[in-house]
Every structure is written in structure tokens, then in C-alpha cells.
Amino acid sequence: MSPRSPSVNEELRRRSQARLLQATVELVGERGYEATTLADIADRAGAARGLVSYYFPGKRQLLQTAVHRLMHEELARALEREPRPEGEGAGRELLARAIDAILGLARDQPRLMRTHMAGILTAEGFIQCPEQQRLAALLRDTVTRYGSRDPEADYRLLRALLMGAVVAVLLPGAPMEPERLRTELFQRYGLDWELGVPPGGEPPGGVPANDQPEKDRTG
């Protein structure tokens, strides 16, 4: 049998990593971080235990990569959803979709996202990885399409605002409603409530998002 080509080996590695990352998301979402072992993840992914350590230096790095992959994929699906936004208002629609995608993860995956945010605040901190870089590229492109004159600075601000909103939704004992936070973010960026994937009903407080002063808008 002839040896596999480098491209075939790379595809096999990519698939193995994808299975491990998906298993991590599933198990931590179901059981929590402490109750999930690397052996559990390998078993769920149908992989050898040593393969986890080969690809990832530890469970915390594995989890951050897995959640960044999930966020990247959810954001990409939201931005690419049909009908694709076009024309003058396309950037505003894309930003609204991005906000809704991230808030949606906090709402739909509370245990996973709470664990992820807690891990970022540990001594290991924010781990740069290819999945995080893909997520960053999508957000940076979104603020560019929105009309930012300084995409790097505005990307960092959007990232901080979204992280803060996720923490606020998941804060034990004092959570905020995603709809309230959505309203605040939409007002911050001058986005109409109907953009993105609006929840039913009127904005909390009854204040239309586009009533904020023009000078407060980014870009």
C-alpha cells in the first residue's frame, strides 16, 4: 500500500481535531468542566486518549479552542444566512446578526459559555488559537462592513462589549435578560430592533434602537 499523501494526512488530522472539539462542547455542556475528563472526550470522539494530548496541551486550551470554534461556526452561519444582506444597509444587518449570534450562545449554551468565560479569567487567560483568530477575522470584517474607520480598534471594542454582555446574561444570582442587553447594544450601534433575529415583542423599555444620538454611533 502506498503511503498517504500530505494532503490526505492533513485532512485526517483536521477531522480528528474537529471530532475532539465537538465532543468537548457536547460533554462540557452536558456535565460541566470538572466532571469531563480528557478520556471522556476521547471516548466521545472515537479517538485514542493520547491523540488529545498530541493536539492540545491541556483541557483548558482544548475547551477554549472548542468554544471559539463553536462561536466561529455560529457567527459564520448567521452572517451567511439567506437572504444575504446587500446594499447600503448590509453592514448594519451583519452587525445585528453578529450580536444576536453571540447572545444566542449565552442563552442556549449557558453552562458551556459560563465555563468558557470563567476560564478566560484564570491565570492562563485568553488563549490565542487558530479558531479564535477565525472568529476575530469575522468580527473584524463585520465592523468593517458596518463602516468603521478603525476596524482593529472597533473590533476590540465590539469583542469587549459582547464578552461583557455574555457575562451579564450568565452572572449567577443576578443575570440580565438577553433582550435588555440586545437593546443596549443595538442602541450603541444605532441598529433597528427589527434587524438580525429579533425576539418577539417590542424592545424592553419601548425605546426604538435608532433613537440614540447620531454622535454616539461607531463608524
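Below you will find a few notes about this structure. (Residues numbered from 1 in each chain as written. Predicted model: local features only at pLDDT ≥ 70, side-chain atom pairs only at ≥ 80, totals over all residues. Heavy atoms only, no water.)

Attention now goes to the overall build of the protein chain. When you go through the protein chain residue by residue, the secondary structure sums to nine helices and zero strands. Its helices and strands taken in sequence order, the protein chain reads α-α-α-α-α-α-α-α-α from the N to the C terminus. Evaluated residue by residue, the protein chain yields a buried proportion of 46% over its 219 residues. The long-range fraction of contacts in the protein chain, counting pairs at least 24 apart against all pairs at least 6 apart in sequence, stands at 62%. Carbon and sulfur atoms provide 52% of the accessible area of the protein chain, an area that totals close to 11,500 Å². (Helix = DSSP H or I, 4+ residues; strand = E, 2+ residues; numbered from the N terminus. Buried < 20%, exposed > 50% of the residue type's maximum accessible area, 1.4 Å probe, protein only. Contact = heavy atoms within 4.5 Å. Areas by Shrake-Rupley, 256 points an atom, 1.4 Å probe, with all protein chains shown as cover.)

Before going further, it helps to spend a moment on helix α4 (residues 59-80). Relative to the 32 Å expected for 22 residues at 1.5 Å per residue, α4 spans 31 Å between its end C-alpha atoms, a close match to the ideal helical length. With 16 of 22 residues buried, α4 is to be regarded as a mostly interior element. (Expected span 1.5 Å × (residues − 1).)

So, on to the environment of T24. Positionally, T24 belongs in helix α1 (residues 6-31). Overall, the relative accessible area of 2% leaves T24 in the buried class. On a C-alpha basis, the gap between T24 and R44 in space is 8.5 Å, while along the polypeptide they are 20 residues apart. Setting aside chain neighbours within four positions, we find T24 in contact with G29, I41, L62, L63 and A66. A distance of 2.8 Å separates a polar atom in the side chain of T24 from the backbone oxygen of L20. (Polar contact = N/O pair within 3.5 Å; in protein donor to acceptor, adjacent residues only side chain to side chain.)

Now for the packing of aromatic side chains. The final tally for this structure, using the stated rule, is three aromatic pairs. Summarising the aromatic geometry, the rings of Y55 and F56 are spaced 6.4 Å apart at their centres and angled 65° between planes, so their arrangement reads as edge-to-face. Taken individually, Y55 and F56 each receive the classification buried, so the pair is uniform in this respect. One aromatic cluster is present, built from ring pairs that chain together Y54, Y55 and F56. Cation over ring: R140 sits above Y155, and NZ or CZ is 4.6 Å from the ring centre. (Phe/Tyr/Trp six-rings, centres within 6.5 Å; stacked < 30°, edge-to-face > 60°. Lys NZ or Arg CZ within 6 Å of the ring centre and 35° of its normal.)

Position of S16 among the secondary structure elements: in helix α1. The residues touching S16, leaving out its near neighbours within four places in the chain, are L51 and Y55.

Grouped together as the largest cluster of nonpolar side chains are 59 residues, with contacts concentrated most on L20, L75, I99, L139 and L191. Counting the residues that make up this core, at least three belong to each of domain 1 (11-56) and domain 2 (59-189). Every residue in contact with L75, bar those within four places of it in the chain, is listed here: A98, A101, L135, L138 and L139. (Core = buried A, V, L, I, M, F, W, Y, C linked by side-chain atoms within 4.5 Å. Domains from an automatic or database assignment.)

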